[in-house]
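Listed below, chain by chain, are the residues.
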Amino acid sequence: TLFRSLKPMHTNRVLLADDDLEDQEMLTEVIREIAPGIEVDTISNSREALSKLAGLTEAELPSLIILDYKMPYLNAAEVLEALAEDTRYTPIPKVCWSSSRREDDIRRCLKAGACNYFEKPSTTAELRSVTKRMLDCRSSCGDGKTYTGK
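Residues numbered from 1 in each chain as written. Predicted model: local features only at pLDDT ≥ 70, side-chain atom pairs only at ≥ 80, totals over all residues. Heavy atoms only, no water.

(A) Broad picture of the packing of aromatic side chains. For the coordinates displayed, the defined rule picks out one aromatic pair. Their ring planes at 55 degrees and their centres at 6.5 Å tell us that Y69 and Y117 sit as a pair that is tilted. Separated by 48 residues along the polypeptide, Y69 in the loop between β3 (64–68) and α4 (76–83) and Y117 in strand β5 (residues 116–119) bring together distant segments of the chain. Assessed through its relative accessible area of 0%, Y117 is described here as buried. A cation over an aromatic ring shows up here: K120 above the ring of W97, its NZ or CZ 4.9 Å from the ring centre. (Phe/Tyr/Trp six-rings, centres within 6.5 Å; stacked < 30°, edge-to-face > 60°. Helix = DSSP H or I, 4+ residues; strand = E, 2+ residues; numbered from the N terminus. Buried < 20%, exposed > 50% of the residue type's maximum accessible area, 1.4 Å probe, protein only. Lys NZ or Arg CZ within 6 Å of the ring centre and 35° of its normal.)

Take a look at the structure:
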């Protein structure tokens, strides 16, 4: 149908941008446990994330973008604002996760296009729960602009 042809075809790939290598490893491991078929591309800073996305073809775009709020060069809200300038990223769900619970940070990310903002968990059980909810955003951003904490 016409609507089907307008929906972009995305890979079974997640782009994870986080400058904390330990957080990258933990989240990647849990993603692979929960959804073994997902390929996780890890990026350590915001410039690298924008460059990586710009270099992908339409068919190579990820099915989910996960951004740590505090990264070198640009924070997650600034990355989201940059992504909003190119309509090819519009259908890709984007979520933020951070140790920051500042209302301004949360509001700014949600306003800039994040489907959700998650507080970085402190236990393995919380990490599994947050990861599952992040992955659920691939099929639906739910009601959109929400903050669920842990």
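Still to come is the rest of the account.
(B) Region of interest: helix α6 (residues 124–136). Compared with the 18 Å implied by 1.5 Å per residue over 13 residues, the 18 Å span of α6 between its first and last C-alpha is a close match. Among all positions of α6, only L127, V130, T131, M134 and L135 are buried. Buried residues of α6, seen end-on, are gathered within an arc of 135 degrees and therefore sit on one face of the element. Turning to α6, the residues buried within the fold contact β1 (13–17), α2 (21–34), β3, β4 (94–98) and β5. (Expected span 1.5 Å × (residues − 1). Arc of directions from axis to C-beta. Contact = heavy atoms within 4.5 Å.)

(C) Spatial organisation of a negative patch on the surface. On the surface, D19, D20, E22, E25 and E29 cluster together into a negatively charged patch. Looking at the element boundaries, E25 is found in helix α2. (Patch = residues over 30% accessible without salt bridge, like charges linked within 9 Å, V, L, I, M, F, W, Y side chains within 5 Å. Areas by Shrake-Rupley, 256 points an atom, 1.4 Å probe, with all protein chains shown as cover. Salt bridge = Lys/Arg side-chain N within 4 Å of Asp/Glu carboxyl O. Lys, Arg positive; Asp, Glu negative; His and termini not counted. Charge placed at Lys NZ, Arg CZ, Asp CG, Glu CD.)

(D) Spatial organisation of the pattern of salt bridges. Scanning the model with the defined rule gives 15 salt bridges in all. Ionic pairing is found between R13 and D41, a salt bridge with its closest N-O pair at 3.0 Å. Taken together, the residues R13 in strand β1 and D41 in strand β2 (residues 39–43) connect sequence positions 28 residues apart. For the pair shown, R13 and D41 are each scored as buried. D136 is paired through a salt bridge with K132; the nearest N and O atoms lie 3.1 Å apart.

Shape descriptors only; they carry no functional weight alone.
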